[in-house]
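Each chain, letter by letter, is given below.
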Amino acid sequence: MKNRFKYLLVAGLIAMLFTGCKKDEVEAVLIVPSAVDGFTSSTSSVVLSAANDSAYVITFKWAAPDYSVNVPLGYTLQFTVPSDTTGPTPWSNAKSVLITSDSLQKSYLVTDLNALSSTQLTLPISVASPIIVRLKSDVNSATEPTGVPRIYATLALPVTPY
């Protein structure tokens, strides 16, 4: 009986030894960058004309933010006038354009930028008016909010709609 108990005890200890140890996995740490780097436009001033409606007039480009881990990103371009960027509800009247998640640029035809600036932002016709363009980058989640802060980059440029 004593020998059986010893064998059971040794077998139990060996079983606990093999099942009780797990290899700890290295957990990835998400580091939120301070801004979207490299947000640029192909031109610093835009004068729109009906004569070239079907031509591309401006391209916005940016670099993908580095969160230190591979995460799905979403981008939104927001357009507004300078007076909407401050106050109690900044950017509340901005016009937003969602960008496909695999793209790091967005180009505009003359006709599209004219509709955005003259109709949606109600800029005066044939007058150079400043607009502010903001790129918003956020971590996408198909099922729930991620809690990861959004990051932004902005630029200003004058636009003359027709």
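In case you missed it, the structure is sitting above this.
The rules we used
Residues numbered from 1 in each chain as written. Predicted model: local features only at pLDDT ≥ 70, side-chain atom pairs only at ≥ 80, totals over all residues. Heavy atoms only, no water. Helix = DSSP H or I, 4+ residues; strand = E, 2+ residues; numbered from the N terminus. Rg over C-alpha atoms; globule rule 2.2 N^0.38 Å. Buried < 20%, exposed > 50% of the residue type's maximum accessible area, 1.4 Å probe, protein only. Areas by Shrake-Rupley, 256 points an atom, 1.4 Å probe, with all protein chains shown as cover. Pairing = 2+ DSSP bridges. Arc of directions from axis to C-beta. Contact = heavy atoms within 4.5 Å. Core = buried A, V, L, I, M, F, W, Y, C linked by side-chain atoms within 4.5 Å. Phe/Tyr/Trp six-rings, centres within 6.5 Å; stacked < 30°, edge-to-face > 60°.

A. Highlighting the overall build of the protein. Helix and strand counts for the protein come out as 2 helices and 8 strands. When the helices and strands of the protein are read in sequence order from the N terminus, they spell out α-β-β-β-β-β-β-α-β-β. Taking 2.2 N^0.38 as the reference for a compact globule, 162 residues should give roughly 15 Å; the C-alpha atoms of the protein span a radius of gyration of 27 Å, well beyond that estimate. Considered along the principal axes of its C-alpha atoms, the protein spans approximately 100 × 35 × 25 Å. Expressed as a percentage of the 162 residues in the protein, the buried residues total 32%. For the protein, the exposed area adds up to about 10,500 Å²; of that, 57% sits on carbon and sulfur atoms.

B. Highlighting the sheet that holds strand 4 (residues 73-80). Read from one edge to the other, the open sheet built from 5 strands follows the order 2-8-7-4-5, with strand pairing classed as mixed. Taken across any chain shown, the strands that pair with only one partner, and hence form the sheet edges, are strand 2 (46-47) and strand 5 (95-99). Relative to strand 8 (residues 151-160), strand 2 runs parallel, the two being bridged by 2 bridges. Note that in strand 8 the partner of valine 46 across the bridge is valine 159.

C. Spatial organisation of helix 2 (residues 110-120). Looking at helix 2, one finds that the buried residues are Val110, Leu113, Asn114, Leu116, Ser117 and Ser118. Angular distribution of buried residues about the axis of helix 2 spans 170°; they occupy a single face of the element. Turning to helix 2, the residues buried within the fold contact strand 2, strand 3 (56-61), strand 4, strand 5, strand 6 (105-109) and strand 8.

D. The arrangement of the nonpolar core in detail. Phe39, Phe60, Leu77, Phe79, Val133 and Leu157 are the most contacted members of the largest nonpolar core, which totals 30 residues. Of all the elements in the fold, those that place two or more residues in this core are strand 3, strand 4, helix 2, strand 7 (129-139) and strand 8. In terms of residues, this core owes the most to one element, strand 8, which gives 5 residues. What phenylalanine 60 contacts, discounting residues up to four positions off in sequence, is Phe39, Thr40, Ser41, Leu77, Phe79, Leu104, Gln105, Lys106, Tyr108, Val133, Leu155 and Leu157.

E. Spotlight on the packing of aromatic side chains. A full pass over the atoms with the stated rule returns 6 aromatic pairs. Pairing phenylalanine 60 with tyrosine 108 gives two aromatic rings, centres 6.2 Å apart and planes at 80°, and the pair type is edge-to-face. Of this pair, phenylalanine 60 sits in strand 3 while tyrosine 108 sits in strand 6, placing them 48 residues apart in sequence. Comparing phenylalanine 60 with tyrosine 108, the two get one shared label, buried. Consider the rings of tryptophan 62 and tyrosine 75, whose centres lie 5.5 Å apart with planes at 55°: the pair is tilted. Highlighted residues: tryptophan 62 in the loop between strand 3 and strand 4 and tyrosine 75 in strand 4, separated in sequence by 13 residues. Judged by its relative accessible area of 5%, tryptophan 62 falls in the buried class.

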